[in-house]
Structure formats: C-alpha cells, structure tokens
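Coordinate inspection notes
One-letter residues, chain by chain:
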Amino acid sequence: MMHTFELVRRSTRLRTLLLAAFGLSLGACGDPDRITDATTDEAEPTASVEVAGADESGELGTLAITEEDGGIGEEEGDASLPSLSLNVSVGAVSQSNAFRGGIPFGAFHLPKSLYGTTYTGSLGNISPNQLIDYLETARRRGAKVMVTFSGNEKHFISRRLFSMALWKQRVNRYRHLNLASYIKDGTLIGHYLVDEPHDPANWGGRTIPLAAIDEMARYSKQLWPGLPTVARAWPKFLKGHNWRYLDAAWAQYSDRFGSVSAFMQQNVRDAKAAGLALVVGMNQLAGGSKSGLRGFYSGRFAMSANQLRSWGAAMLGDSYPCAFLSWAYNAKYMGRSDIRSAMAHLADKARSRPAKSCKGGKAATTAGGGPGPQGPSSPGGSGGGSSSIRLKVEGRTAGGRQHMKLTWSGVKGSTVDVYRDGSHLTITQNDGHYVNARRSIRGVTYAYKVCQKGSTVCSKTVKVSFR
C-alpha cells in the first residue's frame, strides 16, 4: 500500500506539525518509507510531515510530497519522443565540485543547508523550474544527488494501472533541461524512475513488467544520455531480465529483515546476477528494533544511535553499493546529539569507500568491484581502439541543429555503447547506424567512439567539426 508525506500548504501548519511529528504513532495502512512526487523544493528544516501507518509486508516504500497551491505548472507533454537527443542550454554553470570522496551518504529530502558536511548525498523531488538551481547548490556544497522526474504514482496511474504514456508525460516536463554537466561531474548520480514496481498493491493488483521498467530507462537515456537509471525495487524482483537500459536496483534495510550481513549478501548477489548496480540505505525512522526511540508508525521504532552505527557500518563494509541513502530526513530525529555522532561515524566510513557511479553493466558485476566513474567499463578517452571495429562520422547542419551520423562495422552483439567526448552517450541497436543531433553551435568539435556493450572493445575515436 502507498502512503504519502505531504508538504503542507500553510507555513503555520508546517510549524505546528514539526513540533508534533516525532514520536506520534498514527494508524493507517501503507509502507513507512515511500518517496515520490515533484515539489517546489526539497524538504527544508522548517517543513514538517504528515505521517500514516505502515503494514507488515516488508516491501520497499517511498515518500510522496504534494504540490502547493499555485506551485508547479503542468506542461502539456507529448508521450512520444523523436529519436534524436535533445540538448538545450540553461545558463552557465560552474564546473567545480567539492565532493569529499567515497560514495554519497545521506537521507531522502535532506535540506540543502546540510549538504557537504556530514551528508554528501540525497534524493530529491524538485520542480523543473528549480532543478538547475538545486543541482548548482549540490555541486557547490559537494553533494551528489538523485532525483525523480515523474513524481507521485497518482500522476501516471490510469484506471488503477500503470500508464507508460502518462509516465513519459511527467518526465517530459524536464526534457528541455541540459543536465549534461551535472551528469558528467557526478553531481547528478541517478534518475529515480519508479518506486515499488514489484508491489501489485500499488498498481491495480499487477506488478509493472520488467520490460516496461527497461523502457522507462531507455526513454530517460534518450533524453539524458549517461544519466544512470534506478528503480527502487528489490534486486531479486529484477533478476532474470536482460537489462539494456536500467542501471541500478535498491535495497533498504529494516530490523525486521534479520541479519544485516545476510541481507547484504543476498541483495548484492541478486544485483550482480541481474547485471545491476545497487543503492542501499536504512529505514532509520521506522526500521529499528525496540530501541527506546518511538517511531513514526504504530508498532514501529526509529533506529537508535547504536543501531545506526552497527547496522550502517555492516552495510558500508560491502564494497558493491554505489550510494547509501536512507529514509528519511527529520529535523528532530537527526538533530539529536547521539544520532548526529552516529551519522558522522557512518559518513567517515562512506568517505573511505572507493568512488563509483551507479551505472550497471559488466563492471557492476565484477567480483569485488563496482561501476567505474565513467560508465559500464570506463572506456572514455581518445585514440587507440580495436582495429576490428571501424567507425565513420559525418556531420551536417539542418533546421538549426547539427546532425552527426555514425556508421560502423565489426561490433559484436545486438547493441552497442556510443560515447561522445569521452562520456557514455547512449546504448543503441547494433544495426551499423546512429544519428545524434544537437542545437547548432559554431566552432565545436565532437569526438565519437562505439564499443561492444559493457566492454572496452571500442573503435578508434573519430572527430567531426562544425565551423
């Protein structure tokens, strides 16, 4: 069952709820940690939450934030998308990033004011008109963030069932944004596609087909090449499918799941079997044992400082996860001195971990390793290349856009990885042809290469220039 965290519409109501939120046990059905919906901004310390009860299903969940009156404007979006990539510049952006190393560590809807100290990661629901500013703040403060573009499930459910057309319309509200620089420097670590596709209770009694999840990921990569795609679903549910576009699964720990080490071993094993990277975290607000800290749901407990230290350290002891994001930010809970100390302890452990992206593929399933910083096998760069793969690139300008036509031969497999300027651009059919289009820019040179999917077997880099 779903439940929501609502960003209430009146500031007085926010402040009143903030005083009452922690320690309340409210009875209703729904998982205790769902997260969805685009809001006018991420949750700030002055914002509070309305909480509902939880069931005992043990399924993953999310947090939903509703839109304020007079808030987000809904754009009319065509569910179809041309085959050419869209890249619209949105102002000048800084290229500096003060990230402190390791893997991103934080909580859902973390206030921007806390970025870059103890916390270096978050998951946000940000409106289209505020996303660039949000990403700029994260970059300046040294945080790496994941975002959702589709919002709450209510926006893409039709007759109680999942609607791909409506989901794409939601995502299309962001299609005009050029996120390339934030993807390239790792400020934006993932597109959170959908929550709990494995739970039929959320989708009219049916799970979302795995092929539909991969279509969401394909659509995302067509809009923002190189952006890792993440489904908040158990790796076990995602096994058995030949993923072409989905990059990462998600596993969130609660005390009711038993041994932390067994939980990690199982989910890492399943993620590797599926060829996916793995995001992990804890249900810190309602996933504790009888710790003395009352949780937000009837019969549930928030994790104590000792539980955070012990369970979090065990999870961070595994080298496979690419990010550690827990459900969810709450000012009163995370403001406790013992909780702050435990979080600082875990932050140190997260910073000591080797940095990696949340991209899936061959590198994600290598024993003891994880996805590299540039993509499935980090083949970025120029020169070199396999003599067996031949690539030709032709450029032309038409209709105010530059069209780069790639033709190749000698690549094995049904799909190929396409790289532009050293960064992963897209995965496309191995039919020997691909066209990349961009808004016309004078005096620019592009460098392309094609590679066998998930490998370092690539063509030589071929450049095309526009004067």
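Use the structure listed above.
Sequence order as written defines residue numbering, which begins from 1 separately in each chain. Predicted model: local features are reported for residues with pLDDT of at least 70 only, side-chain atom pairs are reported and counted for 80 or more only, and whole-chain, interface and lining totals are derived from all residues. Each side-chain value is worked out from all heavy atoms of the structure, with water and hydrogens disregarded.

Considerations on the packing of aromatic side chains
Here a Phe, Tyr or Trp ring, Trp counted by its six-membered ring, pairs with any other such ring whose centre lies within 6.5 Å, and the pair is stacked when the planes are under 30 degrees apart, edge-to-face when over 60, and tilted otherwise. According to the stated counting rule, one finds 20 aromatic pairs in the structure shown. With centroids separated by 6.0 Å and ring planes inclined at 80 degrees, the aromatic side chains of F156 and F162 adopt a geometry described as edge-to-face. In this pair, the class of F156 matches that of F162, namely buried. Here a set of aromatic residues connected by ring pairs shows up, and it is made of W234, Y253, F257, F263 and W311. Criterion for a charge above a ring: Arg CZ or Lys NZ at most 6 Å from the ring centre, at most 35 degrees from the ring normal. The cationic tip of R232 hangs over the ring face of W250; the distance from NZ or CZ to the ring centre is 5.4 Å. Think of it in three bands: with a 1.4 Å probe and only protein chains considered, a residue is buried below 20% of the maximum accessible area for its type, exposed above 50%, and partly exposed in between.

As for the pattern of salt bridges
Put simply, a salt bridge is a Lys or Arg side-chain nitrogen that is within 4 Å of an Asp or Glu carboxyl oxygen. Under the definition given, this model contains eleven salt bridges. For E215, the salt bridge identified is with K168, shortest N-O distance 2.7 Å. Residue E215 is located in helix α5 (residues 210-223), and its partner K168 is located in helix α3 (residues 164-172); the two are separated by 47 residues in the primary sequence. A salt bridge links D195 to R232; its shortest N-O distance comes to 3.3 Å. We count a stretch as a helix when DSSP gives it H or I for four or more residues in a row; a strand needs E for two or more, and each element gets its number in order from the N terminus.

A short note on the environment of M282
Along the chain, M282 falls in strand β9 (residues 277-282). Note: C-alpha distance between M282 and F324 (42 residues apart in sequence) is 8.2 Å. Throughout, a contact is declared for two residues whenever any of their heavy atoms are within 4.5 Å. Ignoring anything within four residues of it in the chain, the contact list for M282 reads Q252, Y253, M303, L308, W311, G312, M315, F324, L325, S326, W327 and L346.

Re the pairing of strand β3 (residues 144-147)
The two faces of β3 match: K144 and M146 on one face and V145 and V147 on the other face are all buried. For two strands to count as paired, DSSP must find a minimum of two bridges between them. Relative to β3, strand β2 (residues 121-124) is paired through four bridges, and the arrangement is parallel. Each residue of the ladder has a partner; that of G124, found in β3, is V147. The parallel pair β2 and β3, bridged by helix α2 (residues 128-141), forms a crossover whose chirality is right-handed. Both β3 and strand β6 (residues 188-195) contribute to a ladder of three bridges, which runs parallel. Residue pairing across strands places V147 opposite H191, the latter belonging to β6. With the strands pointing away from the viewer, any crossover whose connection runs clockwise from the first strand over the helix to the second is right-handed.

Focus: the sheet that holds strand β11 (residues 390-398)
Pairing within the open sheet is antiparallel, and its three strands lie in the order β11-β12-β15. Each having just a single partner strand, β11 and β15 (433-439) make up the two edges of the open sheet. Strand-to-strand twist in this sheet, taken as the mean axis angle between neighbours without regard to direction, amounts to 20 degrees. Here strand β12 (residues 401-409) pairs with β15 via seven bridges, running antiparallel. By the bridge assignment, L406 is partnered in β15 with Y434. To get an axis, a line is fitted to the C-alpha atoms, and for a helix only the part in contact is used. The angle between two axes follows their N-to-C directions and goes from 0 to 180 degrees.

Comments concerning the sheet that holds strand β13 (residues 415-420)
Ordered in space as β14-β13-β16-β17, the four strands form an open sheet in which the pairing is antiparallel. Sheet topology places β14 (423-429) and β17 (462-466) at the edges, where each strand pairs with a single neighbour. Pairwise comparison of adjacent strand axes, ignoring direction, gives a mean angle of 25 degrees for this sheet. Note that β13 and β14 share six bridges and pair antiparallel. Residue pairing across strands places R420 opposite S423, the latter belonging to β14.

Things to note about unusual backbone geometry
With omega at -5 degrees, the peptide bond leading from W327 into A328 counts as cis. As for its position among the elements, A328 is in the loop between β10 (323-326) and α9 (331-334). Backbone geometry places H109, a non-glycine residue, at a positive phi of 55 degrees. Tracing the sequence through the fold places H109 in the loop between β1 (105-108) and β2. For H109, a relative accessible area of 2% translates into the label buried. Unlike most non-glycine residues, E196 shows phi in positive territory, near 50 degrees. Relative to the elements of secondary structure, E196 occurs in the loop between β6 and α5. What makes E196 buried here is its relative accessible area of 0%.

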